[in-house]
Amino acid sequence: QVQLVESGGGLVQAGDSLRLSCAASGSTFSSYTMGWFRQAPGKEREFVAAISWIADRIYYADSVKDRFAISRVNAKNTVWLEMNSLQPDDTAVYYCAGVRNYWSTVPHDYNYWGRGTQVTVSS
């Protein structure tokens, strides 16, 4: 089925930008809603952004609105998360996830997950 691999994380200074990518492989990427989630130490995994298969529905957590942007190019089996004006509170492991033929911002609803990429923002 679908395998997801995130990349692009790293250590940045407050105010910097990062672009995360999620590469999908397999034959079941079609019709998948894709989402980005993050988890900081001691905290629950939280929703960041999601995008539907044809990108007619896009939604962001309030904490990242106007700073982050999710996008996808289905022909390339790739989803991106552009992160701007990063702050220390954005520090977390960022996960790419997918769920087929369903719209959700709840982590438990997603069936496929990458292993995450670390984003660390220093003050």
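Treat the numbers as computed from the prediction; the structure is a model and nothing was measured.

Description of the nonpolar core
Argument step 1. By size, the foremost hydrophobic cluster in this structure holds 36 residues, and its most contacted members are Met34, Trp36, Leu81, Met83 and Tyr94.
Argument step 2. Taken together, the elements giving at least two residues each to this core come down to β3 (18-25), β4 (32-39), β5 (46-51), β7 (68-73), β8 (78-83), β9 (92-100) and β11 (117-122).

Quick word on the state of the cysteines
Argument step 1. For the structure on display, the rule yields one disulfide.
Argument step 2. There is a disulfide in this structure between cysteine 22 and cysteine 96, and the S-S distance comes to 2.0 Å. Taking the torsion about the sulfur-sulfur bond, which here is approximately -75°, the covalent link between cysteine 22 and cysteine 96 counts as left-handed. Of this pair, cysteine 22 sits in strand β3 while cysteine 96 sits in strand β9, and the two are 74 residues apart along the sequence.

Observations regarding the side chain of serine 21
Argument step 1. Relative to the helices and strands, serine 21 resides in strand β3.
Argument step 2. Within the structure, serine 21 has its side chain in polar contact with the side chain of serine 7 (distance 2.7 Å).

Looking at the sheet that holds strand β1 (residues 3-7)
Argument step 1. Spatially, the four strands line up as an open sheet ordered β1-β3-β8-β7, and their pairing is antiparallel. What marks the edges here is a single partner per strand, and that holds for β1 and β7. The sheet shows a mean angle of 15° between the axes of neighbouring strands, direction not considered.
Argument step 2. Pairing analysis gives five bridges linking β1 to β3, with the strands arranged antiparallel. Looking at the pairing, valine 5 lines up with alanine 23 of β3.

Structural notes on the pairing of β7
Argument step 1. Across the two faces of β7 the burial differs, with Phe68, Ile70 and Arg72 buried and Ala69, Ser71 and Val73 not buried at all.
Argument step 2. With six bridges joining them, β7 and β8 adopt antiparallel strand pairing. Along β8, the bridge assignment pairs arginine 72 with valine 79.
Argument step 3. Taking the residues between adjacent antiparallel strands as the criterion, β7 and β8 are bridged by four residues, where asparagine 77 takes a positive phi near 55°.

Rules used throughout
Residues numbered from 1 in each chain as written. Predicted model: local features only at pLDDT ≥ 70, side-chain atom pairs only at ≥ 80, totals over all residues. Heavy atoms only, no water. Core = buried A, V, L, I, M, F, W, Y, C linked by side-chain atoms within 4.5 Å. Buried < 20%, exposed > 50% of the residue type's maximum accessible area, 1.4 Å probe, protein only. Helix = DSSP H or I, 4+ residues; strand = E, 2+ residues; numbered from the N terminus. Disulfide = S-S within 2.5 Å. Polar contact = N/O pair within 3.5 Å; in protein donor to acceptor, adjacent residues only side chain to side chain. Pairing = 2+ DSSP bridges. Axes fitted to C-alpha atoms, helices over the stretch in contact; angles between N-to-C directions.

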